[in-house]
Amino acid sequence: MAAAAATAATKGNGGGGARAGAGEGGGARKKKGPGPLATAYLVIYNVVMTAGWLVIAVGLVRAYLAKGSYHSLYYSIEKPLKFFQTGALLEILHCAVGIVPSSVVLTSFQVMSRVFLIWAVTHSVKEVQSEDSVLLFVIAWTITEIIRYSFYTFSLLNHLPYLIKWARYTLFIVLYPMGVSGELLTIYAALPFVRQAGLYSISLPNKYNFSFDYYAFLILIMISYIPIFPQLYFHMIHQRRKVLSHTEEHKKFE
């Protein structure tokens, strides 16, 4: 799930990866973009997803203004959050059929990790839904996805504003640690309830002679953040320098 939080600057599976890569590289060899029909579909997909995450953002703001508190705001956006985050599963299909030039394996890992957190942790363990940590990752995801899908939309239309490009390769500096912190704290908050209820765990003996401890599995997921987070974060820092420095050089030549 640490990889999922890195979408602000590295994920190229939303639909505009080919055009974005061509626009950012600026070299002699440009990646071939999707065909006209695929491009039209991807524009529609990214516009819908941008609008969906904007709905979530507006829902958070309205709920906060109505309640006068940031506690338990998750309930105000639970349905659209589940719908649009689960809708991101289509991005795996985009890669599988070749209309987006990204790794199916990496995209599957990134998308499924978020879907897992939404359904297998936050949805399944009702007690954590009122935790402030949930709001922490929801806000980070919401800002990230509004920027990301806007980036892909404008890239597909060959009209990418510098502000959106700058935001995509800059705001992750805060949003990535914020999202990771929220994810870890939410999983940690879920642990005692998972252990008490034996949620999704399979104990021996059974006819399949197989056991699974969901509590231990969640702990392993938390530990996996330790090696993954620094690598992805510094990779994104490197990408930011490369992309934005190229943009500045291009402006000078113009």
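Residues numbered from 1 in each chain as written. Predicted model: local features only at pLDDT ≥ 70, side-chain atom pairs only at ≥ 80, totals over all residues. Heavy atoms only, no water.

Caption draft 1: A look at the environment of glycine 87. Positionally, glycine 87 belongs in helix α3 (residues 74-87). The sequence separation of glycine 87 and methionine 49 amounts to 38 residues, and the corresponding C-alpha distance is 8.4 Å. Sequence-distant contacts of glycine 87, defined by excluding residues within four places in its chain, comprise Tyr45 and Met49. (Helix = DSSP H or I, 4+ residues; strand = E, 2+ residues; numbered from the N terminus. Contact = heavy atoms within 4.5 Å.)

Caption draft 2: Geometry of a nonpolar patch on the surface. There is a patch of nonpolar side chains on the surface, built from Ile139, Ile143, Leu163, Trp166 and Leu171 and spanning about 410 Å² of accessible area. Elements with a minimum of two residues in the nonpolar patch: α6 (132-156) and α7 (162-168). Structurally, the position occupied by leucine 171 is in the loop between α7 and α8 (172-197). (Patch = residues over 30% accessible without salt bridge, like charges linked within 9 Å, V, L, I, M, F, W, Y side chains within 5 Å. Areas by Shrake-Rupley, 256 points an atom, 1.4 Å probe, with all protein chains shown as cover. Salt bridge = Lys/Arg side-chain N within 4 Å of Asp/Glu carboxyl O.)

Caption draft 3: Looking closely at the nonpolar core. Ranked by size, the top nonpolar core spans 46 residues in total, and within it Trp53, Leu81, Val194 and Leu218 carry the most contacts. Those elements that provide at least two residues to this core are α2 (36-67), α3, α5 (104-123), α6, α8 and α9 (214-253). Top contributing element to this core by residue count: α9, with nine residues. Setting aside anything within four residues of it in sequence, one finds valine 194 in contact with Val125, Leu199, Tyr214, Tyr215 and Leu218. Counting six residues, the second largest nonpolar core, distinct from the first, contains Phe151, Tyr152, Ile164 and Tyr169. (Core = buried A, V, L, I, M, F, W, Y, C linked by side-chain atoms within 4.5 Å. Buried < 20%, exposed > 50% of the residue type's maximum accessible area, 1.4 Å probe, protein only.)

Caption draft 4: Spotlight on the UniProt feature "transmembrane region" (unreviewed entry) in the protein. Per the UniProt record, "transmembrane region" (unreviewed entry) is found at residues 42-65, 86-109, 169-194 and 214-234. The distance separating the terminal C-alpha atoms of residues 214-234 is 31 Å; by composition the span is 100% helix and 0% strand. (UniProt positions renumbered as here; feature names shortened; annotations may be inferred.)

Caption draft 5: Looking closely at α5. The largest bend in α5 amounts to roughly 30° and is located at phenylalanine 116. Residues of α5 that are buried include every one of Thr107, Gln110, Val111, Ser113, Arg114, Val115, Leu117, Ile118, Ala120, Val121 and Thr122, and no others. (Bend = angle between axes of the 7 residues up to and from the residue.)

Caption draft 6: Structural context of the packing of aromatic side chains. What the rule picks out here adds up to 18 aromatic pairs. With 6.4 Å between their ring centres and 45° between their planes, phenylalanine 212 and tyrosine 214 make a pair best called tilted. On the accessibility criterion, tyrosine 214 (3% relative accessible area) is buried. Ring plane angle 25° and centroid distance 6.2 Å describe the contact between tyrosine 214 and phenylalanine 217, whose orientation is recorded as stacked. Here tyrosine 214 pairs with phenylalanine 217, and both are found in helix α9, just three residues apart, close to one helical turn. In textbook terms, an aromatic cluster arises when at least three aromatic residues are bridged by ring pairs, as seen for Phe116, Tyr200, Phe212, Tyr214 and Phe217. (Phe/Tyr/Trp six-rings, centres within 6.5 Å; stacked < 30°, edge-to-face > 60°.)

Caption draft 7: Looking closely at unusual backbone geometry. Along the chain, leucine 204 connects to proline 205 via a cis peptide bond; the corresponding omega equals -5°. Here proline 205 lies in the loop between α8 and α9. Even without being a glycine, serine 72 presents a positive backbone phi close to 60°. Mapped onto the elements of the fold, serine 72 is located in the loop between α2 and α3. Within the chain, asparagine 209 stands out as a residue other than glycine whose phi angle is a positive 50°.

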